[in-house]
2 protein chains.
Amino acid sequence: MNHALDHIVAALKAAREKKGMSQRELSSRTGLPQPKISNLESGSVDPRLSSLVALARALDLEIELVPRRALPAVETIVRSAERREVTKTTANEVRKLASALQSIGRTPIPRGIIDQTLNQLRMIEHFPLSAEQLEAIQKFNAVLKLSDADELDPATLNRHIKSVSGIRNQLAHNPPPALPPRPAYSLDDDEEEEDNA
Amino acid sequence: MNHALDHIVAALKAAREKKGMSQRELSSRTGLPQPKISNLESGSVDPRLSSLVALARALDLEIELVPRRALPAVETIVRSAERREVTKTTANEVRKLASALQSIGRTPIPRGIIDQTLNQLRMIEHFPLSAEQLEAIQKFNAVLKLSDADELDPATLNRHIKSVSGIRNQLAHNPPPALPPRPAYSLDDDEEEEDNA
DNA sequence: CGATTTGATACCTTATTCGATATCAATTGG
DNA sequence: CCAATTGATATCGAATAAGGTATCAAATCG
């Protein structure tokens with residue numbers, strides 16, 4: 001495998017992981033078999049363009065040809081978009097959990113606890129979350145989706161609620177830094193290169 | 001062939017043509033056989049990533065994965081870079097011609113004509129040229145490179161000199177528009193998309 | 001008109017992706 | 001501890017890109 005290819009491949013893998021998507025889920029969205037995706041990500045194949053495009057589109061990405069001299073500017077914009085992508089994803093996940101909690105009927109635990117958790121979520125929603133924090137929220141969502149919450153094991157439910165409290169405390173005592181105010185790309189550099197034949 | 005692939009392929013072909021590079025020249029730079037490049041550009045194959053990367057690099061391009069929401073901004077930057085690429089190329093070509101003319105010894109035509117042409121070139125250098133105009137300059141360069149100019153057919157030389165005058169007159173009477181003052185990309189849009197599972 | 005350049009086709013052999021399926025080790029969750 | 005999920009491997013036939021070489025029609029140019 002060529003070294004230049006890893007760049008693309010690594011970006012695809014990172015994009016999948018950032019979305020919390022498994023290889024099998026990506027497989028079902030693209031039609032590519034899961035083992036193929038594994039091979040691809042490990043850099044042991046030289047994929048065809050159609051495979052790349054299929055994967056990229058399933059991950060909300062496009063393949064673009066960029067003039068070398070425009071690379072710095074483009075990369076700055078891409079990174080900035082990725083940052084926002086993450087925060088949007090987490091916010092959506094948090095809101096989803098809140099609405100799921102709000103709409104449950106009888107619960108195996110006191111109502112007040114649920115309400116308190118909802119308040120915490122309303123705060124959490126406005127922060128960028130770490131990968132671990134996001135994962136915790138997603139797992140809570142997963143169990144609620146499966147079990148409809150009123151027929152849920154009280155211990156399990158309590159564990160998840162505790163993890164929400166934990167996240168709130170982390171954010172309150174150790175808030176993540178805000179986004180940098182201005183991205184540092186430039187359109188107006190002007191180097192001269194000689195090009196004689 | 002998939003429709004999504006044409007986008008990349010067409011961009012590669014356009015980039016090659018804009019640089020005035022023949023398929024054979026690109027072939028020798030990349031190691032890919034010329035018929036393969038022809039197939040590729042005609043969209044009749046589904047190339048492997050390594051082929052794409054080889055072609056792209058020979059054309060001063062990089063393959064990048066861009067989040068869909070960042071596409072408008074990225075495309076604006078790419079286009080802006082391409083515009084500057086073109087004007088830089090033409091300026092180089094014009095300067096090359098000027099220096100070639102300046103350094104010729106005995107000429108089959110009056111010295112004053114040569115000097116007048118040099119003056120015209122000094123003006124032309126500062127304009128973005130059309131494809132046809134650029135081509136004319138390149139052809140003049142080509143014959144000078146081959147024949148060392150003092151052993152040149154006077155008629156041929158005169159024809160090229162006339163074409164330079166023609167370009168100057170076109171530019172003087174019908175100047176091309178300047179570049180737009182500010183590219184219209186934005187980093188601060190904020191649409192909401194729903195994403196429920 | 002003859003010579004050159006350019007892009008397109010055709011043909012071959014070899015190498016490798018593709019697609020499908022099965023399986024395994026490791027991790028995670030109840 | 002058992003069950004489920006995840007990513008990695010292996011295998012197999014079919015499809016096809018890669019790589020090389022030869023050739024052709026059209027345009028360009030002297």
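Residues numbered from 1 in each chain as written. Chains lettered and ligands numbered in written order. Predicted model: local features only at pLDDT ≥ 70, side-chain atom pairs only at ≥ 80, totals over all residues. Heavy atoms only, no water.

**Looking at the protein's contact with DNA strand C**
Item 1. In the region of DNA strand C, 20 residues are neighbours, and Ser51, Lys139 and Arg159 of chain A together with Gln23 and Arg24 of chain B sit closest.
Item 2. When atoms of DNA strand C within 4 Å of the protein are split into backbone and base, the sugar-phosphate part holds 59%.
Item 3. A distance of 2.4 Å separates a phosphate oxygen of DNA strand C from a polar atom in the side chain of Ser51 of chain A.
Item 4. A distance of 3.0 Å is found between a phosphate oxygen of DNA strand C and a side-chain nitrogen or oxygen belonging to Ser38 of chain B.
Item 5. Mapped onto the surface near DNA strand C, the elements with two or more residues apiece are α3 (34-42) of chain A together with α2 (23-30) and α3 (34-42) of chain B.
Item 6. The dominant element in the surface near DNA strand C, judged by the number of residues it contributes, is α3 of chain B, at 3 residues. (Near = heavy atom within 4 Å. Polar contact = N/O pair within 3.5 Å; in protein donor to acceptor, adjacent residues only side chain to side chain. Helix = DSSP H or I, 4+ residues; strand = E, 2+ residues; numbered from the N terminus.)

**Focus on the protein's contact with DNA strand D**
Item 1. Taken together, 19 residues lie near DNA strand D, and Gln23 and Arg24 of chain A together with Lys36, Ser51 and Lys139 of chain B sit nearest.
Item 2. Here, DNA strand D places atoms within 4 Å of the protein, and 58% of those atoms are sugar or phosphate.
Item 3. At 2.8 Å, a side-chain N or O of Arg24 of chain A approaches a base nitrogen of DNA strand D.
Item 4. A distance of 3.0 Å separates a base nitrogen of DNA strand D from a polar atom in the side chain of Gln34 of chain A.
Item 5. Among the elements of the structure, α2 (23-30) and α3 of chain A together with α3 and α7 (131-147) of chain B are those that each provide at least two residues to the surface near DNA strand D.
Item 6. Here the element with the most residues in the surface near DNA strand D is α3 of chain A; it accounts for 3 residues.
Item 7. Taken together, the residues of the surface near DNA strand D break down into 5 nonpolar, 5 polar and 9 charged. (Nonpolar A, V, L, I, M, F, W, Y, C, P; charged D, E, K, R; others polar.)

**Structural notes on the environment of Leu26 of chain B**
Residue and element names in this part refer to chain B.
Item 1. Relative to the helices and strands, Leu26 is located in helix α2.
Item 2. Overall, the relative accessible area of 1% leaves Leu26 in the buried class.
Item 3. Put simply, Leu26 and Ile37 are 11 residues apart on the chain and 8.4 Å apart in space, counted from C-alpha to C-alpha.
Item 4. Excluding its chain neighbours within four sequence positions, the residues that come into contact with Leu26 are Arg16, Met21, Ile37, Leu55, Ala58 and Leu59. (Buried < 20%, exposed > 50% of the residue type's maximum accessible area, 1.4 Å probe, protein only. Contact = heavy atoms within 4.5 Å.)

**Remarks on the relation of the copies chain A and chain B**
Item 1. In screw terms, the move from chain A to chain B is a rotation of 179° and a rise of 0.0 Å along the axis, fitting with an RMSD of 0.2 Å. Both copies are brought into coincidence by an operation consistent with a two-fold rotation axis. Across chain A, the smallest distance between a C-alpha and the rotation axis is recorded for Arg48 of chain A, namely 2.2 Å.
Item 2. When you check the interface residues of chain A against chain B, 100% turn up at the interface there too, and the contact is symmetric in its surfaces. (Least-squares fit on C-alpha atoms with pLDDT ≥ 70 in both.)

**Here we look at the pairing of strand β1 (residues 61-67) of chain B**
Item 1. Of all 7 residues in β1 of chain B, 7 are buried, a share of seventy percent or more.
Item 2. Every second residue of β1 of chain B is oriented toward a common face, with Leu61, Ile63, Leu65 and Pro67 of chain B on one face and Glu62, Glu64 and Val66 of chain B on the other, all of them buried.

**Examining the pairing of strand β1 (residues 61-67) of chain A**
Item 1. Taken together, the 7 bridges between β1 of chain A and β1 of chain B define a ladder with antiparallel strand orientation. Note on β1 of chain B: the bridge partner recorded for Glu64 of chain A is Glu64 of chain B. (Pairing = 2+ DSSP bridges.)

**Some points on the interface of chain A and chain B**
Item 1. Contacts between the two partners involve 51 residues from chain A and, on the opposite side, 51 residues from chain B.
Item 2. Taken together, chain A and chain B are joined by 4 salt bridges.
Item 3. When the shortest N-O distance is used, the salt bridge between Glu62 of chain A and Arg68 of chain B registers 3.0 Å.
Item 4. The interface formed by chain A and chain B contains 15 residue pairs in polar contact (both at pLDDT 80 or more). (Salt bridge = Lys/Arg side-chain N within 4 Å of Asp/Glu carboxyl O.)

**A closer look at the packing of helix α5 (residues 71-102) of chain A against helix α6 (residues 111-124) of chain A**
All names here are of chain A.
Item 1. At a minimum axis separation of 10 Å, α5 and α6 run at an interaxial angle of 160°. Between α5 and α6, the angle falls in the class roughly antiparallel. Handedness of the crossing formed by α5 with α6: left-handed. Of α6, the residues touching α5 (which contributes Val94, Leu97, Ala98, Leu101 and Gln102) are Arg111, Ile114, Thr117, Leu118, Leu121, Arg122 and Ile124.
Item 2. Grouping the constituent residues of the contact of α5 with α6 by class yields 8 nonpolar, 2 polar and 2 charged. (Axes fitted to C-alpha atoms, helices over the stretch in contact; angles between N-to-C directions. Parallel < 35°, antiparallel > 145°, perpendicular 65-115°, else oblique. Left-handed = near helix turned anticlockwise from the far one by under 90°.)

So yeah, pure geometry; function would need other evidence.
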